[in-house]
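This is what each chain is made of:
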Amino acid sequence: MVETVTLWRPVGPEELALMQDADMRAFPPRLPEQPIFYPVLTEDYAVKIARDWNVKASGSGYVTRFEVRKDFLDAYDVQEAGGRSHLEYGIPAEDLPAFNDAIVGQIDVVQTFR
């Protein structure tokens with residue numbers, strides 16, 4: 001049995017559409033101005049970003065939940081982003097294909113904000 005870690009990612013409608021194109025099994029490549037991919041450790045933090053930032057920026061925000069192999073994540077440190085409850089991984093854009101390969105199962109949309 002593979003040990004996994006549950007992570008969340010707030011996304012906007014454009015990123016969600018690209019994820020749907022990948023059958024909800026991968027996150028899309030980062031844009032040049034996005035050198036780091038930030039999955040977060042709590043649903044509450046993902047909700048805050050989706051509700052407060054994604055909705056303002058694009059009219060809707062989505063909270064996704066997914067499982068990642070722990071052995072993959074062990075190579076990365078958890079980072080605090082502005083508060084003890086704002087924890088995330090900083091995955092370099094060039095490591096995103098390997099991160100996607102470490103996702104176990106599908107990525108689920110668990111909350112929607114408009």
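Preceding this paragraph is the structure being described.
Since the structure is predicted, the reported quantities are computational estimates derived from the model, not experimental observations.

This paragraph deals with the overall build of the protein chain. The helix and strand inventory of the protein chain stands at four helices and seven strands. For the protein chain, the succession of helices and strands along the chain, N to C, is β-α-β-α-β-α-β-β-β-α-β. Its C-alpha atoms give the protein chain a radius of gyration of 13 Å, near enough to 13 Å, the size a compact globule of 114 residues would have. Seen through its C-alpha atoms, the protein chain measures out along the principal axes to roughly 40 × 35 × 30 Å. For the protein chain, restricting intrachain contacts to residue pairs at least 6 apart in sequence, the fraction spanning at least 24 positions comes to 78%. Carbon and sulfur atoms make up 49% of the accessible area of the protein chain, which amounts to about 6500 Å² in all. Averaging the locations of the 11 positively and 19 negatively charged side chains of the protein chain gives two centres separated by 6 Å.

The next subject is the environment of Val40. You can see Val40 is positioned in the loop between β2 (36–37) and α2 (43–58). Take Val40: its relative accessible area is 1%, and that puts it in the buried class. Once the C-alpha coordinates of Val40 and Gln79 are considered, the two residues, 39 residues apart in sequence, prove to be 9.4 Å apart. Setting aside anything within four residues of it in sequence, one finds Val40 in contact with Leu7, Trp8, Tyr45, Ala46, Ile49, Leu87 and Glu88.

The next point concerns the nonpolar core. Phe27, Phe66, Val68 and Phe99 are the most contacted members of the largest nonpolar core, which totals 20 residues. Elements represented by at least two residues in this core include exactly β1 (4–11), α1 (13–21), β3 (61–69), α3 (70–73), α4 (96–101) and β7 (103–113). It is β3 that provides the largest number of residues to this core, a total of three residues. Discounting residues that sit within four places of it in the chain, Val68 has contacts with Glu3, Thr4, Val5, Leu7, Leu73, Phe99, Ala102 and Ile103.

You will see that Asp23, though not glycine, has its phi angle at about 55°, which is positive. Of note, Asp23 is situated in the loop between α1 and β2.

Once that is clear, we can look at the environment of Ala75. Inspection of the secondary structure puts Ala75 in the loop between α3 and β4 (78–80). Its relative accessible area of 65% is what places Ala75 among the exposed residues. A sequence separation of 16 residues divides Ala75 from Ile91, and the C-alpha atoms of the two residues are 9.9 Å apart.

For the rest of this paragraph, the subject is the side chain of Asn100. Mapped onto the secondary structure, Asn100 falls in helix α4. Take Asn100: its relative accessible area is 13%, and that puts it in the buried class. Side-chain polar atoms of Asn100 contact the backbone oxygen of Phe27, separated by 2.9 Å. Excluding residues within four positions of it along the chain, Asn100 makes contact with Arg25, Ala26 and Phe27.

Conventions and cut-offs
- Residues numbered from 1 in each chain as written.
- Predicted model: local features only at pLDDT ≥ 70, side-chain atom pairs only at ≥ 80, totals over all residues.
- Heavy atoms only, no water.
- Helix = DSSP H or I, 4+ residues; strand = E, 2+ residues; numbered from the N terminus.
- Rg over C-alpha atoms; globule rule 2.2 N^0.38 Å.
- Contact = heavy atoms within 4.5 Å.
- Areas by Shrake-Rupley, 256 points an atom, 1.4 Å probe, with all protein chains shown as cover.
- Lys, Arg positive; Asp, Glu negative; His and termini not counted.
- Charge placed at Lys NZ, Arg CZ, Asp CG, Glu CD.
- Buried < 20%, exposed > 50% of the residue type's maximum accessible area, 1.4 Å probe, protein only.
- Core = buried A, V, L, I, M, F, W, Y, C linked by side-chain atoms within 4.5 Å.
- Polar contact = N/O pair within 3.5 Å; in protein donor to acceptor, adjacent residues only side chain to side chain.

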